[in-house]
Amino acid sequence: QVQLIESGGGQVQPGGSLRLSCVTSARTFSHYLMGWFRQVTGKEREFVAAIMWSGSTTYYADSVKGRFTISRENAKNTVYLQMNSLKSEDTAVYYCAADRNPRGNHDWPSEYDYWGQGTQVTVSS
């Protein structure tokens, strides 16, 4: 069973920054599509960003383009989400996800095989 453990969440003022990390136990992590999603209570899980195994291809939701950056270090089995210029509407629980066999639907939660437990991000003054 693959485990994903997120860290780095917390509370920050509008305009601030946070860096989320996700460490996975997957043996073939370097082959996985990795994604970040977020969810607000009572709403559906929302795609934030994804990164292909090589790190050369990334995807972003329109709402975070230019503010968030996804990256990965395959040698450390870790994916990151750098979040800058945070807004109150970015407040959510953020989840890391892993896809063993990418089929092109990087923004669908159902595409992913494994999920972390989530980390809370609160943007508030």
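Preceding this section is the structure that the text describes.
Residues numbered from 1 in each chain as written. Predicted model: local features only at pLDDT ≥ 70, side-chain atom pairs only at ≥ 80, totals over all residues. Heavy atoms only, no water.

Right, let's get into the nonpolar core. Most often, soluble globular proteins keep nonpolar side chains buried together rather than apart. Met-34, Trp-36, Leu-81, Met-83 and Tyr-94 are the most contacted members of the largest nonpolar core, which totals 35 residues. Elements represented by at least two residues in this core include exactly strand 3 (18–24), strand 4 (33–39), strand 5 (46–51), strand 7 (68–73), strand 8 (78–83), strand 9 (92–99) and strand 11 (119–123). When residues no more than four places from it in sequence are discounted, the contact partners of Tyr-94 are Glu-6, Leu-20, Trp-36, Phe-37, Arg-38, Val-48, Phe-68, Leu-81, Met-83, Gly-118, Thr-119 and Val-121. (Core = buried A, V, L, I, M, F, W, Y, C linked by side-chain atoms within 4.5 Å. Buried < 20%, exposed > 50% of the residue type's maximum accessible area, 1.4 Å probe, protein only. Helix = DSSP H or I, 4+ residues; strand = E, 2+ residues; numbered from the N terminus. Contact = heavy atoms within 4.5 Å.)

What follows deals with the pattern of salt bridges. The final tally for this structure, using the stated rule, is 7 salt bridges. For Lys-76, the salt bridge is made with Glu-73, and the minimal N-O distance between the two is 3.8 Å. On the basis of relative accessible area, Lys-76 is assigned to the exposed category, the value being 51%. What makes Glu-73 partly exposed here is its relative accessible area of 33%. One salt bridge in this structure joins Glu-111 and Arg-103, with 3.8 Å as the shortest N-O distance. (Salt bridge = Lys/Arg side-chain N within 4 Å of Asp/Glu carboxyl O.)

Moving on, we get to the pairing of strand 5. When you tally the buried positions in strand 5, you get 5 out of 6 residues, the bulk of the element. Taken together, the 5 bridges between strand 4 and strand 5 define a ladder with antiparallel strand orientation. Looking across to strand 5, one finds that Met-34 is bridged to Ile-51. Here strand 4 folds back onto strand 5 in antiparallel fashion, the turn holding 6 residues, of which Gly-42 has a positive phi close to 90 degrees. Where strand 5 lies against strand 6 (residues 58–60), 3 bridges are found, and the strand directions are antiparallel. Directly across from Ala-49, in strand 6, lies its bridge partner Tyr-60. (Pairing = 2+ DSSP bridges.)

Moving on, we get to the pairing of strand 11. Every second residue of strand 11 is oriented toward a common face, the buried set being Thr-119, Val-121 and Val-123 and the non-buried set Gln-120 and Thr-122. Here 3 bridges tie strand 2 (residues 10–12) to strand 11, and the two strands are oriented parallel to one another. What sits directly across from Gln-11, in strand 11, is Thr-122.

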